[in-house]
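# Topology and contacts: notes
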Amino acid sequence: MLPKKQLSLFDLAMIVISLVIGMGIFRTPVNVARGAQIPELFFLAWAAGGIIALCGALTYAEIGSRFPVTGGYYKIFSSFYHPSIAFAINCIIVVSNAGSVAGVSIIGAEYLSEVILPVELQTETYRIIIAAISIGLFYILNLMGLKVSSRAQNILSIIKIGMVLVLICAVFTGPGPESAIPVFKTASGAAPSWFDYGKALGVCLIGISFTFGGYQQAINFGGEAKNPSKVIPRAIIIGLAIIITLYMAINYAYVKIIGFEELKSAQSIAAILAGKLFGPAGFTLLSGLIYLSVLGYVNVNLLSNPRAMYAMGEEKALPAIFTRKSKKTDVMFVSLTVFAIIAVFTLFYAQTFDKILNYTIFLDCIGMATSAATIFFLRKRTAHLDKKTIYSMSLYPLMPLVFIAAYTFVAISIYHDDPASATNGLLIFAGFILIYFASRFFNKDKKQRT
């Protein structure tokens, strides 16, 4: 059964924004400031991250235009790589995203619990309960159908954008306290070289890549977008243009209000801006807004990831039961249910943001570089298409090459910064490939017996 064409340009642009703007922008500037050491490198890193993301956005916009199918982010792997690679990468993405949903839900629950619960009940147990309820509520919402969940996403995305815009307004309240002049220091104490600056830039891009990541999953909705060859690229480009503008503006506000040296070790940086605007009531207001931001992140992942699992079921990388849909609402209820269960299950084992950052981004580097590379094969395969009906990026092949090189650089930076996380990522990737071949072997053996 073909999916219904329900998503407009506005719907998909809001999905792109919610896929990208999660909790990262309220956390990673601290990590980036610490790695950059000086404000010039800090802003350069964010600008570089925006350029890399733009190159990626234009690459995925063309991929989505030439390959408009439901679960497109999975199917580009299975169409251009060995099925074992497609299976391994998408399993990693789904499990990693479920873990991210769990972790972000706990962060939101921490903010909300301080507002709605007495001090004696602000415990880990109650935060997990709040987080689980949040996931459960949006699981039920998504069972009602794409139209309902996408409308909820539009509302949450607008709230999220509004929250960032309000926090940016803190810059008009005047500068924060003066701080010491930042100095770039090397391990040896010698004057920094270009290599030292490059290494610091690589460390900065780890957190920035996390903060900008997510827009590539918009191509999962290709089969459900109205006029997808035009809507997908426009939605990705519009969404990312808004995101880059907001990120640069709020980072300027962080530096001006908090002070660059203080930013390196600050906690609850968004709450500091809210306090500057609204005084003591700022934290309470911000807690509610951040919780709504978390709900937007939960909802958009419950929208996107089941579509990748559905695509894997279609190609028999997962059991056929993952392709089941509700006849009434057209919801992929099996894939949705399994993803929600994984997210709730991992709530009890979710790591903190700082601990999961490196290995999550290392795995993303594998997925992003290999998925972007499919544009080179896809252009040849779809050369017969009418150029008026599809989107073709300018400066090809420079943009995808810049994007792939940047994520390779980030992966190398992670390996140098945290070899254990990179090694674990490679082992997880290899483990899923082994699972794929083991599954094929047992299925083949079972067929021969019957």
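Criteria and thresholds
- Residues numbered from 1 in each chain as written.
- Predicted model: local features only at pLDDT ≥ 70, side-chain atom pairs only at ≥ 80, totals over all residues.
- Heavy atoms only, no water.
- Patch = residues over 30% accessible without salt bridge, like charges linked within 9 Å, V, L, I, M, F, W, Y side chains within 5 Å.
- Areas by Shrake-Rupley, 256 points an atom, 1.4 Å probe, with all protein chains shown as cover.
- Salt bridge = Lys/Arg side-chain N within 4 Å of Asp/Glu carboxyl O.
- Helix = DSSP H or I, 4+ residues; strand = E, 2+ residues; numbered from the N terminus.
- Buried < 20%, exposed > 50% of the residue type's maximum accessible area, 1.4 Å probe, protein only.
- Contact = heavy atoms within 4.5 Å.
- Phe/Tyr/Trp six-rings, centres within 6.5 Å; stacked < 30°, edge-to-face > 60°.
- Core = buried A, V, L, I, M, F, W, Y, C linked by side-chain atoms within 4.5 Å.
- Expected span 1.5 Å × (residues − 1).
- Disulfide = S-S within 2.5 Å.
- Axes fitted to C-alpha atoms, helices over the stretch in contact; angles between N-to-C directions.
- Parallel < 35°, antiparallel > 145°, perpendicular 65-115°, else oblique.
- Left-handed = near helix turned anticlockwise from the far one by under 90°.
- Nonpolar A, V, L, I, M, F, W, Y, C, P; charged D, E, K, R; others polar.

## A look at a nonpolar patch on the surface
A grouping of Tyr 126, Ile 129, Ile 133 and Leu 137 is seen on the molecular surface, where their side chains present a nonpolar patch of about 370 Å² in accessible area. The topology assignment puts Leu 137 in helix 6 (residues 124-143). In this structure Leu 137 comes out as exposed when scored by relative accessible area, which is 51%.

## Notes on the pattern of salt bridges
Throughout the structure, instances matching the rule amount to five salt bridges. Here Glu 314 makes a salt bridge to Lys 75, at a shortest N to O gap of 2.5 Å. Taken together, the positions of Glu 314 in helix 12 (residues 281-314) and Lys 75 in helix 4 (residues 72-80) put the pair 239 residues apart, joining distant regions of the chain. Residue classification places Glu 314 among the partly exposed residues on the basis of a relative accessible area of 36%. Linking Lys 325 and Asp 330 is a salt bridge whose minimum nitrogen-to-oxygen distance equals 3.7 Å. Connected through shared salt-bridge partners, Glu 62, Arg 66 and Arg 379 make up one network.

## Quick word on the side chain of Ser 65
Along the chain, Ser 65 falls in helix 3 (residues 39-66). Using a relative accessible area of 3% as the deciding quantity, one classes Ser 65 as buried. Every residue in contact with Ser 65, bar those within four places of it in the chain, is listed here: Ser 229, Pro 233, Ile 390 and Tyr 391.

## Quick look at the packing of aromatic side chains
On inspection of all chains with the given rule, the structure shows 18 aromatic pairs. Ring centres of Phe 42 and Phe 260 lie 5.6 Å apart, and the angle between their planes is 75°; on these two criteria the pair is classed as edge-to-face. Pair noted here: Phe 42 is in helix 3 and Phe 260 is in helix 10 (residues 260-263), with a separation of 218 residues, a long-range link. Judged by its relative accessible area of 4%, Phe 260 is buried. Measuring from centroid to centroid gives 6.0 Å for Phe 376 and Tyr 396, while their planes differ by 50°, and the two rings are tilted.

## What about the nonpolar core?
With 154 residues, the main nonpolar core has Tyr 60 and Tyr 215 as its most contacted residues. Here the element with the most residues in this core is helix 5 (residues 83-116); it accounts for 17 residues. If sequence neighbours within four positions are ignored, Tyr 60 has contacts with Tyr 73, Tyr 215, Gln 216, Ile 219, Ile 236, Gly 367, Met 368, Ser 371, Ala 372 and Phe 403.

## A few points about helix 16 (residues 398-417)
With 20 residues, helix 16 extends 28 Å between its outermost C-alpha atoms, agreeing within 8% with the 28 Å of an ideal straight helix rising 1.5 Å per residue. Taken as a whole, helix 16 has its buried residues at Met 399, Pro 400, Phe 403, Ile 404, Ala 406, Tyr 407, Val 410, Ala 411, Ser 413 and Ile 414.

## Considerations on the environment of Gly 64
Looking at where Gly 64 falls in the secondary structure, it is placed in helix 3. Taking the C-alpha atoms as reference points, Gly 64 and Tyr 391, 327 residues apart in sequence, are found 8.8 Å from one another. When neighbours within four sequence positions are excluded, Gly 64 is seen to be in contact with Ile 219 and Ile 232.

## Side note on the state of the cysteines
Summed over the entire model, instances satisfying the criterion amount to zero disulfides. Between Cys 91, a cysteine without a disulfide, and Cys 365, which holds the nearest cysteine sulfur, the sulfur-to-sulfur distance is 19 Å. A relative accessible area of 11% places Cys 91 in the buried class.

## Things to note about the packing of helix 1 (residues 9-20) against helix 12
Relative orientation of the contacting elements helix 1 and helix 12 amounts to 115°, with a least axis distance of 9 Å. With respect to their mutual orientation, helix 1 and helix 12 come out roughly perpendicular. Considering the relative orientation of helix 1 and helix 12, their crossing is left-handed. Side by side, helix 1 and helix 12 meet where Ile 15, Ser 18 and Leu 19 of the first sit next to Gly 296, Tyr 297, Val 300 and Ser 304 of the second. Of the residues in the contact of helix 1 with helix 12, the class split is four nonpolar, three polar and no charged.

## Observations regarding unusual backbone geometry
Across the chain, the bulk of peptide bonds are trans and the bulk of non-glycine residues have phi less than zero. Following Tyr 396, the chain continues into Pro 397 via a peptide bond in cis, with omega recorded as 5°. Considering the arrangement of structural elements, one finds Pro 397 in the loop between helix 15 (374-381) and helix 16. Positive phi, close to 65°, is recorded for Asp 330, a residue that is not glycine. Exposure remark for Asp 330: the relative accessible area of 7% places this residue in the buried category.

Geometric descriptors of this kind do not, in isolation, establish any biological role.
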